[in-house]
Amino acid sequence: MYNPPCDKSFGLSLPIDIKLSNTSQTVDYPTNISHIKFVLVGSLKTWKNRRPYTEAWWIPNETRGNIFMDSPPSKEFLPWPETSPPFQLNEDATKLPVYPKLANPIEARIFRSVLDSFRHGDNRDVRWFVMADDDTIFFVDNLVQVLAKYDHRKHYYVGMYSETVISNFLFSFDMAYGGAGYALSYSLVEELAPLMDDCLERYPFSHTSDFLTFSCLSDLGVGLTIERGIHQIDLLGDISGMLSSHPQSPIVTLHHFDNIDPIFPSKNRIESVNHLMKAAKVDQSRLAQQTICYHRPSNWSVSISWGYSAHIYENIIARSALRKPLETFAPWKKGPPPMYMFNTRLPSNDSCQAPHEFFMESVKTIMTKDALVLTTYKRKAPRRLPPCFLAGNHSADSVNRIRVFSNSTLRKEPGRIECCNVKYMGGMNVVNIKFRDCRKGEVMA
């Protein structure tokens with residue numbers, strides 16, 4: 001679907017016609033995907049390579065919104081596929097009086113995309129405008145769950161700062177990153193829209209659209225509401241350490257896939273995204289949520305990042321330690337320590353501290369009376385270390401797969417820790433794990 005440029009219907013010199021949404025009325029039904037309007041920003045130069053990222057999560061006829069571009073689609077992109085968000089051309093920001101003064105004119109187009117979306121219409125029943133790049137991966141069920149916590153009739157700016165200290169130092173520790181994605185409540189956009197060009201006049205020196213948005217919202221007295229499952233990924237290399245110890249918050253977005261290694265072994269970046277989406281389509285509430293359990297007969301600690309990875313440690317390690325991500329990655333820009341906005345563990349060649357690594361091989365629902373989901377994790381490679389020689393410990397070298405059984409009918413509650421039972425007989429090549437509710441007062445240590 002190709003829509004004409006916004007400025008064919010709305011002149012930049014004309015006042016903005018603000019039509020109040022029905023959302024200003026009292027509503028007593030929960031937020032669902034139809035209440036979210038996506039404002040995705042891309043470029044024809046990057047779209048060919050980034051389109052698969054967007055199409056991995058976009059649901060035709062369910063998700064609503066547009067992909068805003070800098071120029072009309074060329075012949076290679078026509079006819080515009082239904083599997084992609086409808087195409088929309090941004091207004092021509094070069095007509096703005098402030099345009100020659102802008103430090104980074106390209107960012108003005110990105111900043112004003114929310115305004116373009118608002119002016120474009122089709123805002124009936126919209127509660128949230130969600131801004132993101134064309135290489136942002138959304139987990140839509142979790143996005144809906146997160147936004148449903150907030151009253152869209154009030155002013156909300158929901159997002160997350162960068163993982164790296166240097167990024168936040170250079171811009172702001174209180175700013176949401178648009179690549180990671182952020183959400184603006186409808187009532188806030190109603191107030192923001194007629195003021196956006198004034199913001200450009202006040203902040204022509206700004207180099208990023210995210211800082212423009214942050215500055216404009218600060219002037220309205222609106223601060224950032226943090227959601228820890230929104231990820232900018234200002235990181236380089238192997239981010240498996242971070243994804244294997246994800247915080248106990250629903251994972252909502254991932255970004256910058258072209259700057260990191262493929263997240264699954266033996267797969268390229270696009271194959272990795274599609275593979276992760278197989279688990280996301282089954283149970284987003286558990287996706288990348290860390291569950292830690294112990295097998296006392298072997299003195300093993302087992303960490304499961306559901307739908308992504310599994311680790312076996314040949315030692316009993318405290319949960320507080322395992323919840324720190326292994327620093328398998330590097331910051332996108334070097335600076336003085338601390339590097340990250342979270343604690344990390346350094347990788348080790350100590351047999352009692354280095355994990356055996358497994359990654360999701362398959363996911364399927366088992367049609368039994370127990371209504372279970374089975375995820376299977378395959379060993380990445382031999383660990384190539386001797387066994388941990390602490391008394392009573394057993395080698396995990398023979399294990400080549402881990403099978404995890406979870407409930408297929410009950411969503412995991414955000415922030416709630418699940419427990420699990422480990423079944424393993426010495427020398428076998430498969431470990432079976434069953435997720436369950438933790439018993440009252442159960443100590444996992």
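None of these values were measured; they are calculated from a predicted model.

Enquirer: Just give me the short version of helix α1 (residues 44-57), but keep the residues and values in it.
Expert: Taking 1.5 Å per residue as the helical rise, α1 with its 14 residues ought to reach 20 Å, and the 20 Å between its terminal C-alpha atoms agrees with that figure. The largest bend in α1 is about 60°, located at R50, with the proline P52 one to four residues further on. Buried residues in α1 make contact with β2 (36-41), β3 (64-69), β4 (87-89), β6 (137-138), α4 (140-147) and α10 (269-280).

Enquirer: Which residues make up α4, and what values do they have?
Expert: An α-helical turn contains 3.6 residues, so any two residues separated by three or four positions project in the same direction. Counting buried positions along α4 yields 6 of 8 residues, so the element is predominantly enclosed. Here α4 has its buried residues at V140, N142, L143, V144, V146 and L147. Contacts made by the buried residues of α4 are with β2, α1, β5 (128-133), β6 and β8 (182-185).

Enquirer: Describe in detail the pattern of salt bridges, supporting the description with residues and values.
Expert: Inspection of the entire model under this criterion finds 17 salt bridges. Between D122 and R64 there is a salt bridge; the shortest N-O distance is 3.4 Å. Here R64 lies in strand β3 and D122 lies in the loop between α3 (113-120) and β5, a separation of 58 residues in the sequence. For D197, the salt bridge goes to R112, with nearest N and O atoms at 2.7 Å. Residue D197 is found in helix α7 (residues 196-202), and its partner R112 is found in the loop between α2 (105-111) and α3; the two are separated by 85 residues along the sequence. Of the residues examined, D197 reaches a relative accessible area of 18% and is grouped as buried. Shared partners join several salt bridges into a network, and the residues in it are E91, R112, R119 and D197.

Enquirer: Lay out the pairing of β3 in plain terms, naming residues and giving numbers.
Expert: Most of β3 is tucked away: 6 of the 6 residues are buried. Residues R64, N66 and F68 of β3 are buried on one face, and the alternating residues G65, I67 and M69, pointing to the opposite face, are buried as well. Direction of pairing for β2 relative to β3: parallel, over a ladder of 5 bridges. From the neighbouring strand, V41 faces β3, where its bridge partner is F68. As a crossover connection, the stretch from β2 through α1 into β3 is right-handed. Sheet topology note: the β3/β4 ladder contains 3 bridges and is parallel. What sits directly across from M69, in β4, is L89.

Enquirer: I'd like to hear about the packing of aromatic side chains, residue by residue, with values.
Expert: Any pair of aromatic rings gets described here by the distance separating the centres and the angle formed by the planes. Counted according to the given criterion, the structure contains 25 aromatic pairs. Members of the aromatic cluster, each reached through a chain of ring pairs, are F38, W57, W58 and F138.

Enquirer: Please set out the environment of R51 residue by residue, giving values where relevant.
Expert: Within the secondary structure, R51 is located in helix α1. When the C-alpha atoms of R51 and Y150 are compared, they prove to be 31 Å apart, with 99 residues separating the residues in sequence. Excluding its chain neighbours within four sequence positions, the residues that come into contact with R51 are P81, T83 and S84. Separated by 2.8 Å, the side chains of R51 and E55 make a polar contact.

Enquirer: How would you explain a nonpolar patch on the surface if you had to name every residue and give the values?
Expert: The grouping of F169, L170, F171, F173, L236 and W332 at the surface amounts to a nonpolar patch, some 580 Å² of accessible area in total. Relative to the assigned elements, F169 resides in helix α5 (residues 165-170). We classify F169 as exposed; its relative accessible area is 61%.

Enquirer: Can you explain the nonpolar core? Please cite residues and give values.
Expert: Of all hydrophobic cores here, the largest spans 115 residues; its most connected members are F38, Y157, I402 and I433. Grouped together as the second largest cluster of nonpolar side chains are 6 residues, Y294, I317, L322 and L326 included.

Enquirer: Outline the confidence of the model for the protein chain, supporting the account with residue identities and numerical values.
Expert: Low-pLDDT stretches of the model should not have their predicted coordinates read in fine detail. Residues of the protein chain with pLDDT of at least 70 account for 93%, and the chain-wide mean is 91. Here residues 4-27 is a poorly scored stretch, pLDDT under 50, and it has 47 contacts once near neighbours within four places are set aside; other chains count.

Enquirer: Any details on the sheet that holds strand β12 (residues 290-295)? Residues and values, ideally.
Expert: Pairing is mixed across the open sheet formed by 8 strands, whose spatial order is β12-β13-β14-β16-β17-β18-β20-β19. Of all the strands in the sheet, just β12 and β19 (419-423) have a single pairing partner and so form its edges. Sheet twist, expressed as the average angle between the axes of neighbouring strands with direction ignored, equals 25°. In terms of strand pairing, β12 meets strand β13 (residues 300-305) through 6 bridges, oriented antiparallel. Bridging from a neighbouring strand, I292 pairs with S303 of β13.

Thresholds applied
Residues numbered from 1 in each chain as written. Predicted model: local features only at pLDDT ≥ 70, side-chain atom pairs only at ≥ 80, totals over all residues. Heavy atoms only, no water. Helix = DSSP H or I, 4+ residues; strand = E, 2+ residues; numbered from the N terminus. Expected span 1.5 Å × (residues − 1). Bend = angle between axes of the 7 residues up to and from the residue. Contact = heavy atoms within 4.5 Å. Buried < 20%, exposed > 50% of the residue type's maximum accessible area, 1.4 Å probe, protein only. Salt bridge = Lys/Arg side-chain N within 4 Å of Asp/Glu carboxyl O. Pairing = 2+ DSSP bridges. Right-handed = clockwise from strand over helix to strand, strands pointing away. Phe/Tyr/Trp six-rings, centres within 6.5 Å; stacked < 30°, edge-to-face > 60°. Polar contact = N/O pair within 3.5 Å; in protein donor to acceptor, adjacent residues only side chain to side chain. Patch = residues over 30% accessible without salt bridge, like charges linked within 9 Å, V, L, I, M, F, W, Y side chains within 5 Å. Areas by Shrake-Rupley, 256 points an atom, 1.4 Å probe, with all protein chains shown as cover. Core = buried A, V, L, I, M, F, W, Y, C linked by side-chain atoms within 4.5 Å. pLDDT = per-residue confidence, 0-100. Axes fitted to C-alpha atoms, helices over the stretch in contact; angles between N-to-C directions.

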